[in-house]
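Per-entry structural report
The primary structure of each chain is shown beneath.
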Amino acid sequence: MKARFIKTSWLGVITAALIVISAFNTQTDIHKNHGELPLKDEKLKKEAFKILDTKCNVCHRKQNPFMVFNEKNISRRAKKIYQMVFIERRMPKGNEIQLTNEEFIKLKKWLFTENIL
Ligand code: HEC
């Protein structure tokens, strides 16, 4: 009878320990993103959209109407934007429209918050 009670209470201790450990784990998950920028930054997203609107949409509206950016579709297109601007460097197309250093940095920061980098 006594031995059984001891076994049961050990189970309780182990279960409690597991609950504490898993709670701690979910807390550290939140900080996985290098602990730097919080994901989802609406202000940054608005600023990124402003760049996409002035430097990309001006041309896309005429030459690539299926890729006109708005505040709703840019998150979905973040990966493609990253690919075109930072990897293949095909956009902005031509020599007339260029991104400033600040605009590159801002776009990159926003892309980071979209969790695709
Ligand atoms: C002077 C015109 C022009 C400017 C400026 C421009 N684009 Fe484009 N973009 C195009 C054209 C034309 C296409 C479609 C044909 C092609 O890929 O060249 C295109 C296609 C794209 C695509 C789709 C590529 C694919 O694989 O489907 C993306 C993404 C894109 N542009 C992003 C951007 C971004 C981001 C900017 C601004 C930083 C930008 N573009 C600026 C003309 C432009």
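Residues numbered from 1 in each chain as written. Predicted model: local features only at pLDDT ≥ 70, side-chain atom pairs only at ≥ 80, totals over all residues. Heavy atoms only, no water.

By the naming in an unreviewed UniProt entry, the protein chain goes by Haem-binding domain-containing protein and is assigned to Fulvivirga sedimenti.

Observations concerning the site of the ligand
Around the ligand, the structure places 18 residues, and the nearest of them are C56, C59, H60, R90 and M91. H60 is positioned with one of its side-chain polar atoms (N or O) 2.7 Å from a nitrogen atom of the ligand. In this structure, R90 approaches the ligand through a side-chain N or O atom, which is 2.5 Å from an oxygen atom. Looking at the shell around the ligand, the elements with two or more residues in it are α2 (42–63) and α3 (78–87). In terms of residues, the shell around the ligand owes the most to one element, α2, which gives 6 residues. Residue composition of the shell around the ligand, by class: 11 nonpolar, 3 polar and 4 charged. (Near = heavy atom within 4 Å. Polar contact = N/O pair within 3.5 Å; in protein donor to acceptor, adjacent residues only side chain to side chain. Helix = DSSP H or I, 4+ residues; strand = E, 2+ residues; numbered from the N terminus. Nonpolar A, V, L, I, M, F, W, Y, C, P; charged D, E, K, R; others polar.)

Let's talk about the packing of aromatic side chains
Per the counting criterion, the structure on display carries 2 aromatic pairs. Between F86 and F104, the aromatic rings sit 5.8 Å apart at their centres with planes inclined by 70°, giving edge-to-face as the arrangement. One end of the pair, F86, is in helix α3; the other, F104, is in helix α4 (residues 101–113), with 18 residues separating them in the sequence. Judged by its relative accessible area of 14%, F86 falls in the buried class. Pairwise contacts between aromatic rings join Y82, F86 and F104 into one cluster. (Phe/Tyr/Trp six-rings, centres within 6.5 Å; stacked < 30°, edge-to-face > 60°. Buried < 20%, exposed > 50% of the residue type's maximum accessible area, 1.4 Å probe, protein only.)

Section: the packing of α3 against α4
Remark: α3 packs on α4, axes separated minimally by 11 Å, with the N-to-C direction vectors making an angle of 145°. Handedness of the α3/α4 crossing: left-handed. Of α4, the residues touching α3 (which contributes A78, I81, Y82, V85 and F86) are F104, L107, K108, W110 and L111. (Axes fitted to C-alpha atoms, helices over the stretch in contact; angles between N-to-C directions. Left-handed = near helix turned anticlockwise from the far one by under 90°. Contact = heavy atoms within 4.5 Å.)

Some thoughts on a nonpolar patch on the surface
A contiguous nonpolar surface patch, about 530 Å² in accessible area, is contributed by W10, V13, I14, L18 and I21. On the accessibility criterion, I14 (45% relative accessible area) is partly exposed. (Patch = residues over 30% accessible without salt bridge, like charges linked within 9 Å, V, L, I, M, F, W, Y side chains within 5 Å. Areas by Shrake-Rupley, 256 points an atom, 1.4 Å probe, with all protein chains shown as cover. Salt bridge = Lys/Arg side-chain N within 4 Å of Asp/Glu carboxyl O.)

Focus: α2
A maximum bend of about 55° is found in α2 at C56. L44, K45, A48, F49, I51, L52, K55, C56, N57 and H60 are the residues of α2 that are buried. Summarising the contacts, the buried residues of α2 are in contact with α3 and α4. For α2, the side-chain oxygen to backbone nitrogen distance between the N-cap and K43 is 3.2 Å, and the N-cap itself is D41. (Bend = angle between axes of the 7 residues up to and from the residue.)

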